[in-house]
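Working through the structure, step by step
The primary structure of each chain is shown beneath.
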Protein chains: 2
Amino acid sequence: MATPAFQFTTKANISTFGGTLLKLTHESAVLESTMALNVFFPPGALGRSTPKVPVLWYLAGLTCSGDNGSEKGFFNYWAAKYGIAVVYPDTSSRGSSHPGEHDAYDFGSAAGFYLDATKEPWAQNYQMETYITDELPAALYSYFVVLDSSRVSLMGHSMGGHGALTLFFKHPGKFKSTSAFAPIANPSKCPWGEKAFSGYLESKEEWTKHDATELIKTYKGPDFDILISCGIADEFLKGGQLLIDNFVAAAKEVGRESQVTVKYAPNCDHSYYFISSFAQEHVEHAAKHLGVL
Amino acid sequence: MATPAFQFTTKANISTFGGTLLKLTHESAVLESTMALNVFFPPGALGRSTPKVPVLWYLAGLTCSGDNGSEKGFFNYWAAKYGIAVVYPDTSSRGSSHPGEHDAYDFGSAAGFYLDATKEPWAQNYQMETYITDELPAALYSYFVVLDSSRVSLMGHSMGGHGALTLFFKHPGKFKSTSAFAPIANPSKCPWGEKAFSGYLESKEEWTKHDATELIKTYKGPDFDILISCGIADEFLKGGQLLIDNFVAAAKEVGRESQVTVKYAPNCDHSYYFISSFAQEHVEHAAKHLGVL
């Protein structure tokens, strides 16, 4: 038997909702960093090979790590019910000290924006798209063979909602579905996105390649069914950081308005009090597309 | 109309699970401190007078504030279902700077142990029993008249499990039920309790008045139905901080073993991954005694 090319270290093995939450670390070559992540295995899944279980990735927002979603999202409760594994990766490389890397909450560490940077010094190791869509899943699915690489969905919050939408469009057919809580839906046009793209990308021509509102216009893959939830009282919706309406307008422009469902929730904010309230709906959305509901 | 003697300031009004989470602050006379707390109102309850809703208090553990349980406990989901309000108070006064008050995780701030200190300087304002059983509920129930002061239950975790057990025994008939996650069940005999009681209490004779394993032996109130959950992999159970078996032995000693149910959960630890997994069972335990299940 070949030795796995990739090793994970289990820092904690925690029973929760009848399943198991593993706190893992591993060495990432593309991020040049030791990385932490959490993986929830539904009841009975950990340690077996078959039957395989589908996989749902939760991409977290600015300032977050893999802990926020797994501690506060209550996704695991629903994932246990439907027999889905949930992967909670980190939000940036953690191993470097580029100038200014740890100074701002919205750029650098914990703000990788799920893209491969092209501007130095970030181009060296801020390669979150490759990490999330290639290096980490390849390693996880070979190390934990119970995870079904053919049934994978995405979801994410805020910056992670941006990730869940853009990675879905950039990799047609790779994911069964995607959904987002309060996503940064048109980063080229909002302060958070402008700062990140200016910092990580060499030229402004590259911005459209990482913007869901632009990507949906040129997407040529299979039809989709995207669910977006957002609180009406979300301060970043009101502050022009999310621009979900621009994404909806773009969907209409290409005749895909029926493939995008946006639900605005009265009085809800941008926090995990909002996310956890709609965890059921988003896990069930994925469950449907993953074939377990 | 008389002006309420006590005012709350609403710092945030957050929709969650169809109800409302209020983040409140107020001035506490007994704690000589501005205090923060969270209160979850089930759907439809906030702003109305009747019908009143029962109230479940969640007492948090060492290092915690009112945020830990409300963000990570998953109680609000079940409380919404059964129409119960949940109060999440803080774990100590926050307004003073006694020598060493902020130096240790297990004594002083965030470690009030739900008792009224008798030793100076703590006796001045570490009066958590009076705060939790008198000052704060009186204020809350007069300010939010939808809260039913005649239907109140307790639950708590670790140090807060100690609080939920001891306050129940010290105030017979005041609470409809109590339950605990991984409680410090015999503090007189464990390092955490010895440190706290030595620091807060003038003499060792007082210790028995604040120890659930001692209090159950002298309790003369109505019969009860206590639920205790604890993870078998709980490091503090293994480390001799919880001593739940001593509490069970004391219950047997006074013929009350049928009134205490202890459930050990395989592989579970001391964290909110454990607590949230059994939130349903503890909320339903309270719901039954509060007359809504």
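Within any chain, residue numbers begin from 1 and follow the written order of that chain's sequence. A letter from A marks each chain and a number from 1 marks each ligand, given out in the order of writing. Reporting of local features is limited, given that this is a predicted model, to residues whose pLDDT is at least 70; pairs of side-chain atoms are given and counted only at 80 or more, and all residues count toward the totals for whole chains, interfaces and linings. No hydrogens and no water enter the side-chain calculation; it runs on all heavy atoms of the structure.

**Describing the pattern of salt bridges**
All names here are of chain A. Condition: When a carboxyl oxygen of Asp or Glu lies within 4 Å of a side-chain nitrogen of Lys or Arg, that pair is called a salt bridge. Under the scheme used here, helices are H or I runs from DSSP no shorter than 4 residues and strands are E runs no shorter than 2 residues, and both carry numbers assigned from the N terminus. Buried means the residue's accessible area, taken with a 1.4 Å probe over protein chains only, is under 20% of the maximum for its type, while exposed means over 50%, and partly exposed covers the values in between.
In the structure shown here, the tally under the stated rule is 20 salt bridges over all chains. Salt-bridge contacts for E129 lead to K170; the nearest nitrogen and oxygen are separated by 2.7 Å. Here the residue E129 occupies a position in helix α3 (residues 128-143), and K170 occupies one in helix α4 (residues 159-170), the gap between them amounting to 41 residues. K170 carries the same exposure label as E129, and that label is buried. A salt bridge links K217 to E214; the nearest nitrogen and oxygen atoms lie 3.6 Å apart. Separated by three residues within a single helix, K217 and E214 lie in helix α6 (residues 212-218), roughly one turn from each other. A residue is classified by how much of its surface remains accessible, and K217, at 29% relative accessible area, is partly exposed.

**A look at the layout of surface pockets**
To keep things clear, this is the line we draw: Of the two site types, the cavity is a set of points on a 1 Å grid over the protein atoms alone where a 1.4 Å probe fits but cannot get out, and the pocket is an open set with protein on both sides within 12 Å along at least five of seven lines, each lined by residues with an atom within 4 Å of a point. Grid points are joined across faces, edges and corners, and a volume is the space filled by probe spheres set on the points. Residue polarity follows a fixed list, in which Ala, Val, Leu, Ile, Met, Phe, Trp, Tyr, Cys and Pro are nonpolar, Asp, Glu, Lys and Arg are charged, and the others, Gly among them, are polar.
Of the volumes computed, that of the largest pocket is approximately 450 Å³. Surrounding the largest pocket, 26 residues form its lining, C64, H157, H270, S271 and Y272 of chain B being those nearest its centre. For the lining of the largest pocket, the element with the highest residue contribution is helix α9 (residues 272-277) of chain B, accounting for three residues. Taken together, the residues of the lining of the largest pocket break down into 10 nonpolar, 11 polar and five charged. Approximately 310 Å³ is the volume attributed to the second largest pocket. Those elements that provide at least two residues to the lining of the second largest pocket are α1 (66-72) and α7 (235-238) of chain A. Here the residues of the lining of the second largest pocket are counted per class, giving six nonpolar, seven polar and four charged.

**A word on the nonpolar core**
Filter applied, for reference: Put simply, a nonpolar core is a bunch of buried Ala, Val, Leu, Ile, Met, Phe, Trp, Tyr and Cys residues held in one set by side-chain atoms that sit within 4.5 Å of each other. The contact definition used throughout considers only heavy atoms, calling two residues in contact when any of these lie within 4.5 Å.
L140 and Y200 of chain A together with L140 and Y200 of chain B are the most contacted members of the largest nonpolar core, which has 199 residues in total. Excluding residues within four positions of it along the chain, L140 of chain A makes contact with F8, L24, L37, V39, W57, V87 and L147 of chain A.

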